[in-house]
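# A look at the structure
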Amino acid sequence: YVVDDDAAVREALVWLLGSVGLRTVAFDSAGAFLDAYQDAGVSCLVSDVRMPGMSGLELQKALTARQIEMPIILMTAFGDVSTAVKAMKAGAVDFIEKPFSNQDMLDLINAALLADAARRQSTAAAEEGAQMLARLTPQEHRVFERVVAGKSNREIGAEMDISVKTVEVHRARVMRKLEAGSVADLVRFHLN
């Protein structure tokens, strides 16, 4: 996404990104972007800092308030250290001064897209893990916690006041529900 009130800058960025096969949607204001935004998968936002109405920094705050996670690259013709520091503290992945080289902008955008893809993959993996854990009964969850703590079936049975055979049954169910082939797989699952 590109947000800039300067039509020439918008058109130049759309052309540049299109020339390397990146689909780009441009907006002339932060408000227009917010009104139209729908999550379309891996993406990033390139926004001017100084615009009439809502500035790039205010847009960044609005995205945070709406819990829209997306790498943001802020650009300005009036680069100053305090604005850059504010932008980075608020979560911008980078700050670039106009005029910039096409290659520098492409490098920043490619890094931002890779970061967004990694964040989305991590979020999806965490959600999948949570769904898998939700399949466990409370008793199976207690067995799982003790297995990943390195306790033997006998120790687990003694702690939970159940037979070793019952521990084995619960442990087998945990392995199946969490799609684990070994205790090492359970430990990796627990750590993620």
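Shown above is the structure to which this text applies.
For every chain, the first residue of its written sequence is number 1, and the numbers climb from 1 along that sequence. A pLDDT threshold of at least 70 governs which residues receive local features in this predicted model, and a stricter bar of 80 or more applies before side-chain atom pairs are shown or counted, although totals over entire chains, interfaces and linings include all residues. Where side-chain values are given, they derive from all heavy atoms of the structure, hydrogens and water being excluded.

## Things to note about the nonpolar core
Nonpolar cores are built from buried Ala, Val, Leu, Ile, Met, Phe, Trp, Tyr and Cys residues. Side-chain atoms within 4.5 Å join them into one set. Only protein chains enter the accessibility calculation, which uses a 1.4 Å probe; a residue whose area is less than 20% of its type maximum is buried, one above 50% is exposed, and one in between is partly exposed. With 22 residues, the main nonpolar core has F33, L45, L59, L63 and L74 as its most contacted residues. Ranked by residues supplied to this core, first place goes to helix α3 (residues 56–65) with four residues. We call two residues contacting when some pair of their heavy atoms lies within 4.5 Å. Once residues lying within four places of it in the same chain are set aside, the contact partners of F33 are Y1, V3, F27, L45, L59, L63 and M70. Runs of E in the DSSP output that reach at least two residues are strands. Runs of H or I that reach at least four are helices, and both are numbered from the N terminus.

## Concerning the packing of aromatic side chains
Classification of ring pairs uses Phe, Tyr and Trp, with its six-membered ring standing for Trp, and accepts pairs whose centres are within 6.5 Å; under 30 degrees between planes counts as stacked, over 60 as edge-to-face, and the remaining range as tilted. Per the stated rule, a full pass over the model turns up five aromatic pairs. Within the aromatic cluster, the residues linked to one another by ring pairs are Y1, F27, F33 and Y37.

## Looking at the sheet that holds strand β4 (residues 72–76)
Strand order across the open sheet formed by five strands is β2-β1-β3-β4-β5, with parallel pairing between neighbours. Of all strands in the sheet, those bounded by a partner on one side alone are β2 (26–27) and β5 (94–97). Any two strands between which DSSP finds at least two bridges are classified as paired. As judged from the four bridges shared by strand β3 (residues 45–48) and β4, these two strands associate in the parallel manner. Note on β4: the bridge partner recorded for D48 is M75.

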